[in-house]
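Survey of secondary and tertiary structure
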There are 2 protein chains.
Amino acid sequence: MPIHSGIIDNPKADRIRKVSDLSSRKRREEYGRFCIEGPQAVREAIAYRPEIIGDLFVEVRAGGQAQGEQARPLSTVVERLEADSQAYDIYVHHVTSRVMQRISTDSQGIVAVADLAAMRVDAEDVPLAEGATVAAFWQIRDPGNAGTVIRAADAAGCDAVVFVDDCVDVLNPKVVRSSVGSLFHIPVLTMSTREFMQWTKSIHAKVVAADVYGLEGRPAMPLPEYIQQGELDGVQPHAFLFGNEARGLPESILKQVDRSVCIPMYGKAESLNLATSAAILLHTVAMSSHIERI
Amino acid sequence: MPIHSGIIDNPKADRIRKVSDLSSRKRREEYGRFCIEGPQAVREAIAYRPEIIGDLFVEVRAGGQAQGEQARPLSTVVERLEADSQAYDIYVHHVTSRVMQRISTDSQGIVAVADLAAMRVDAEDVPLAEGATVAAFWQIRDPGNAGTVIRAADAAGCDAVVFVDDCVDVLNPKVVRSSVGSLFHIPVLTMSTREFMQWTKSIHAKVVAADVYGLEGRPAMPLPEYIQQGELDGVQPHAFLFGNEARGLPESILKQVDRSVCIPMYGKAESLNLATSAAILLHTVAMSSHIERI
């Protein structure tokens, strides 16, 4: 696609206002678009899902060019992304600094606008191989945490992420950004609690709650013990379910899972935060599975 | 100690200005004091290091009390902390909302002022048992990260944390807060790179760099392999050394360590951030050591 030759300098232009509006979930739903901010996330989107990107907004230095000279992006990193995008059906718009400020205060010079519907994944479309691992998060609310756990699930080689019940919007710009591109590597599903329980049953997955305590009479088993017992047999899929940042998982859900496991605490710290717990648990499971498969 | 009966209402009072000044490292050094903000951090400081706390500033609801009625803190949590502090040599000062705003914008109603010198730890004062684990961070710069890794090291049962070379100040209020009290559970040392190398040598510790690549010809060994080889024998102390958030560890340091290990990446994510990497590595080491010691 050709790069539009003009430089958009009017922050009040209709097109710019509409992109800026995508910070609101309601507007994302209405326009069917969402924003990908910053070079890292845009790079991964171009590399893994170029077909979902419609427009690329690139900040250029205003003025200073000699007559006929091309306006240039802020950094060579952004310049390379702009060049990479030309292999696809992506429109590039050059904008001034004040226009970019209106689009995003966190762009580092580049923002992509992508198709929302193309990011929706149905559970039936997620192929789960033998011994697959699913990372599920119930009522995760903080956008930074949400992106971080998607990245942790990706790094641990999980097959899918599920946001269960009333969670932060997966396409919130802060989630997209803090996933550092992992959102484009791994399917992220959203379901109600009932749908999640039905789905895991239908794929014969074991549902394991990550919970400090578990239930009375059925306390959480320390993770190393769970692994040593050979529960991760590489055949049955596992869905690890993490609770809300502040409240964890309610009893009503703990009663529906197959097992609760906890991360053992060795020092005087009482707990770890959600994102750290998820990273430790998912990576421990991945490392032990990979060792056993050698 | 008695609770001072008056309520401080003047944000410009000399005493208040001096507390507010403790957000600056220079002033902390000058006054020999630092701030502990928020109920969680204050609770852990009272529980583990009450002797270091000199003053407690507690926000009370201004007005509204009937004649003779006691001004009350904002929450029952803070009220309990105030009561707990009375077992020690701690002065309690009630302050109004605007005074607390001047002291800290992140207090949730309570701030303790503590003795800086009492937090300094000398390497000789840190007793390291057989098979001790030390978590060391070279040029860690972000206060939130610094607190998070201290908490992760505490949760993994590490025996000490070391901030190596030019790091964020351990007593920066954001470090104190994000350690969620772990700063009062575990000794945190600061050293130059040369001092760190000398100290680890003197205690016969193996120094293991956490690094994605390692050196040319001496690449990083994946963590599970390192553990499976039985390197963590429960006898020789281990010091795991993590690099700067953006740049990792320089070659000059990688050349001085005994070994580099990396966390294997199983999905498409290229890397994990420092705090997540530290939590995974330290907890994996702890879990494997505890299993082997059973």
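Residues numbered from 1 in each chain as written. Chains lettered and ligands numbered in written order. Predicted model: local features only at pLDDT ≥ 70, side-chain atom pairs only at ≥ 80, totals over all residues. Heavy atoms only, no water.

**Here we look at the overall build of chain A**
A tally of helices and strands in chain A yields 11 helices and 14 strands. Based on the C-alpha atoms only, the size of chain A along its principal axes is roughly 75 × 40 × 40 Å. Among the 294 residues that make up chain A, the fraction classed as buried is 54%. Look at the contacts in chain A between residues 6 or more apart in sequence, and 82% of them connect residues 24 or more apart. Here chain A has roughly 13400 Å² of accessible surface; of this, 47% comes from carbon and sulfur atoms. (Helix = DSSP H or I, 4+ residues; strand = E, 2+ residues; numbered from the N terminus. Buried < 20%, exposed > 50% of the residue type's maximum accessible area, 1.4 Å probe, protein only. Contact = heavy atoms within 4.5 Å. Areas by Shrake-Rupley, 256 points an atom, 1.4 Å probe, with all protein chains shown as cover.)

**Observations concerning unusual backbone geometry**
Phi at Gln139(A) takes a positive value of approximately 55 degrees, unusual for a residue other than glycine. Examined against the element boundaries, Gln139(A) turns out to sit in the loop between strand E6 (133-138) and helix H6 (143-155). A positive phi is found at His204(B), a non-glycine position, where the angle reads about 55 degrees. Summarising the element assignment, His204(B) is placed in the loop between helix H8 (193-202) and strand E9 (206-210).

**A word on helix H6 (residues 143-155) of chain B**
Residue and element names in this part refer to chain B. Relative to the 18 Å expected for 13 residues at 1.5 Å per residue, H6 spans 19 Å between its end C-alpha atoms, a close match to the ideal helical length. Extensive coverage of H6 is indicated by the burial of 11 of its 13 residues. What H6 keeps buried is the set Pro143, Asn145, Ala146, Gly147, Val149, Ile150, Arg151, Ala152, Ala153, Asp154 and Ala155. Once H6 finishes, Gly157 follows within two positions and takes phi at roughly 75 degrees, a positive value. (Expected span 1.5 Å × (residues − 1).)

**Let's talk about the confidence of the model for chain A**
Mean pLDDT over chain A stands at 93; residues scoring 70 or higher make up 96%. Across the interface, the model reports ipTM at 0.93; the global pTM reads 0.94. (pLDDT = per-residue confidence, 0-100.)

**Focus on the side chain of His283(A)**
Structurally, the position occupied by His283(A) is in helix H11 (residues 274-293). Non-local contacts of His283(A), meaning those with residues more than four positions away in its chain, are made with Ala155(A), Ala156(A), Ile263(B), Pro264(B), Met265(B), Tyr266(B), Leu272(B) and Ile280(B).

**Concerning the packing of aromatic side chains**
Residues and elements named next belong to chain A. Counted according to the given criterion, the structure contains four aromatic pairs over all chains. On the numbers, 5.1 Å between centres and 15 degrees between planes, the contact of Phe137 with Phe242 is stacked. Residue Phe137 is found in strand E6, and its partner Phe242 is found in strand E13 (residues 238-242); the two are separated by 105 residues along the sequence. An identical accessibility class is assigned to Phe137 and Phe242; each is buried. Ring-pair connections join several aromatic residues into one group, and the members of that group are Phe137, Phe163 and Phe242. (Phe/Tyr/Trp six-rings, centres within 6.5 Å; stacked < 30°, edge-to-face > 60°.)

**Considering the sheet that holds strand E13 (residues 238-242) of chain B**
Residue and element names in this part refer to chain B. Taken together, the seven strands give an open sheet; going across it, the order is E8-E7-E6-E13-E9-E14-E12, and neighbouring strands pair in parallel fashion. The strands lining the two open edges of the sheet, one partner per strand, are strand E8 (188-191) and strand E12 (221-222). Contacting strand E6 (133-138), strand E7 (160-164), E8, E9 and E13, H8 runs over the sheet at an angle of about 120 degrees to E8. (Pairing = 2+ DSSP bridges. Axes fitted to C-alpha atoms, helices over the stretch in contact; angles between N-to-C directions.)

**Notes on the relation of the copies chain B and chain A**
Expressed as a screw operation, the relation of chain B to chain A combines 0.0 Å of axial shift with a rotation of 180 degrees, fitting to an RMSD of 0.0 Å. Overall, the copies show the geometry of a two-fold rotation axis. Ranked by how close their C-alpha atoms come to the rotation axis, the residues of chain B are headed by Ile280(B), at 2.4 Å. When the interface residues of chain B are mapped onto chain A, 100% of them are again interface residues, pointing to one common binding face. (Least-squares fit on C-alpha atoms with pLDDT ≥ 70 in both.)

**Considerations on the pattern of salt bridges**
Residue and element names in this part refer to chain B. For the structure shown, the criterion picks out 34 salt bridges over all chains. The residue Arg28 makes a salt bridge to Asp169 at a minimum N-O spacing of 2.8 Å. With a gap of 141 residues between them, Arg28 in helix H2 (residues 25-31) and Asp169 in the loop between E7 and helix H7 (173-178) connect regions that are remote in the sequence. Each member of the pair, Arg28 together with Asp169, is buried. (Salt bridge = Lys/Arg side-chain N within 4 Å of Asp/Glu carboxyl O.)

**A closer look at the side chain of Thr284(A)**
Along the polypeptide, Thr284(A) turns up in helix H11. Among the polar contacts made by the side chain of Thr284(A), one reaches the main-chain carbonyl oxygen of Ile280(A) at a distance of 2.6 Å. Sequence-distant contacts of Thr284(A), defined by excluding residues within four places in its chain, comprise Leu223(A), Ile227(A), Thr284(B) and Met287(B). (Polar contact = N/O pair within 3.5 Å; in protein donor to acceptor, adjacent residues only side chain to side chain.)

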